[in-house]
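Descriptive structure summary
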Amino acid sequence: MRAEAAAHANHRSTALGSSFYLGMRTLPPVQREAIFQIYSFCRQVDDITDSDEPREHRLAALQQWRDHIDALYQGVPPPRLKDYLASVTTFGLKREDFLAVVDGMEMDVLQDIRAPKMATLDLYCDRVASAVGRMSVRVFGLSEEDGIALAHHLGRALQLTNILRDIDEDAGLGRLYIPRESLDHAGITSSDPHKVIADKALPKACAPLAQRAMMHFAESDEIMNCNPRRIVRAPTIMSKCYRAILDLLLIRGFAAPREPVRVTNLTKLAILFRYALM
């Protein structure tokens, strides 16, 4: 029992401060623990991706995660995944979704992503975001069809918002997720992150990505509106917090210099009070 309590505390502390935490907290205990576990897993593999370790070390660490996931689904999980076994069984979490997240993180390690084709960016979003959604909707209790559709749209909406929010931070890591097609639309020929983020045409390149994110938010809202409120309470809160970020980005704009945007605690509380009791 002491080990289980420590594992729960670790998963919970990993989630603290994230934009997802408010939504997680509205879930019943068993569902909440499963979502904390999913989030903790994502954070751990993401930390590998963003570390300063040589690429070969990071690739080896991600492969170890694949091996550990395989062991989990063979019923002999390593210590760091031992408490995941109950969630996998209870909610039918899919091995391929865990592996998809690792594959997505590996895309950042194999080479720094710079101005990918839109199809490549969409694959990336599917792996690092929608795959997480596919696990999460099983925990929330959505039907298979609506769950997969919600994961598709909300995952992409959240990830595209992240990309638009983190343009400068990503450039500092040598990465540029704005697709080649959007840069060409704006007349930007470079794929160098630092040159692109300083280009006066950057707002024009960001506009299609913002429109795509808004479309995915609208599609996910439509799905959630067709489901019982108690089932979609958590994803609704997550969606509203992220949509607030996107709205702030659009108000601020994407011309340099770009001040960081943050959703205030008051706004987060307003979202919580409005949707936690829905």
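What counts, and at which threshold
Residues numbered from 1 in each chain as written. Predicted model: local features only at pLDDT ≥ 70, side-chain atom pairs only at ≥ 80, totals over all residues. Heavy atoms only, no water. Phe/Tyr/Trp six-rings, centres within 6.5 Å; stacked < 30°, edge-to-face > 60°. Helix = DSSP H or I, 4+ residues; strand = E, 2+ residues; numbered from the N terminus. Buried < 20%, exposed > 50% of the residue type's maximum accessible area, 1.4 Å probe, protein only. Lys NZ or Arg CZ within 6 Å of the ring centre and 35° of its normal. Expected span 1.5 Å × (residues − 1). Contact = heavy atoms within 4.5 Å. Bend = angle between axes of the 7 residues up to and from the residue.

As named in an unreviewed UniProt entry, the chain is Presqualene diphosphate synthase HpnD, taken from Rhizobium fredii.

1. Examining the packing of aromatic side chains
If you walk through the whole model with that rule in mind, you get 4 aromatic pairs. Ring centres of Phe-41 and Phe-98 lie 5.1 Å apart, and the angle between their planes is 75°; this geometry places the pair in the edge-to-face category. Of this pair, Phe-41 sits in helix α3 (residues 29–50) while Phe-98 is found in helix α6 (residues 95–110), placing the two residues 57 residues apart along the sequence. Phe-41 gets classed as buried once you look at its relative accessible area, which sits at 0%. Given the relative accessible area of 1%, Phe-98 is considered buried. Site record: aromatic cluster; members linked through ring pairs are Phe-41, Trp-65, Tyr-73 and Phe-98. Residue placement shows Arg-80 over the ring face of Trp-65; its charged tip is 3.7 Å from the ring centre.

2. Brief notes about α6
For α6, which comprises 16 residues, the first-to-last C-alpha distance of 22 Å matches the rise-based estimate of 22 Å (1.5 Å per residue) to within 8%. Burial of α6 is extensive: 12 of the 16 residues sit out of reach of the surface. Taken as a whole, α6 has its buried residues at Asp-97, Phe-98, Leu-99, Ala-100, Val-101, Val-102, Gly-104, Met-105, Glu-106, Met-107, Asp-108 and Val-109. Looking at the buried positions of α6, the neighbouring elements they touch are α3, α4 (55–73), α5 (85–91) and α7 (118–140).

3. Focus: the side chain of His-68
Along the chain, the position of His-68 falls in helix α4. Other than its neighbours up to four places away in sequence, His-68 contacts Pro-78, Arg-80 and Leu-81.

4. Examining unusual backbone geometry
For residues besides glycine, phi is generally negative; the peptide bonds are generally trans as well. Note that the residue after Ala-256, namely Pro-257, is joined by a cis bond; omega there is -5°. Within the secondary structure layout, Pro-257 lies in the loop between α13 (229–252) and α14 (265–275).

5. Some points on α7
Its maximal kink placed at Asp-126, α7 deviates by approximately 40°. With 17 of 23 residues buried, α7 lies mostly within the body of the structure. Gly-141 lies just past α7 and shows a positive phi near 100°.

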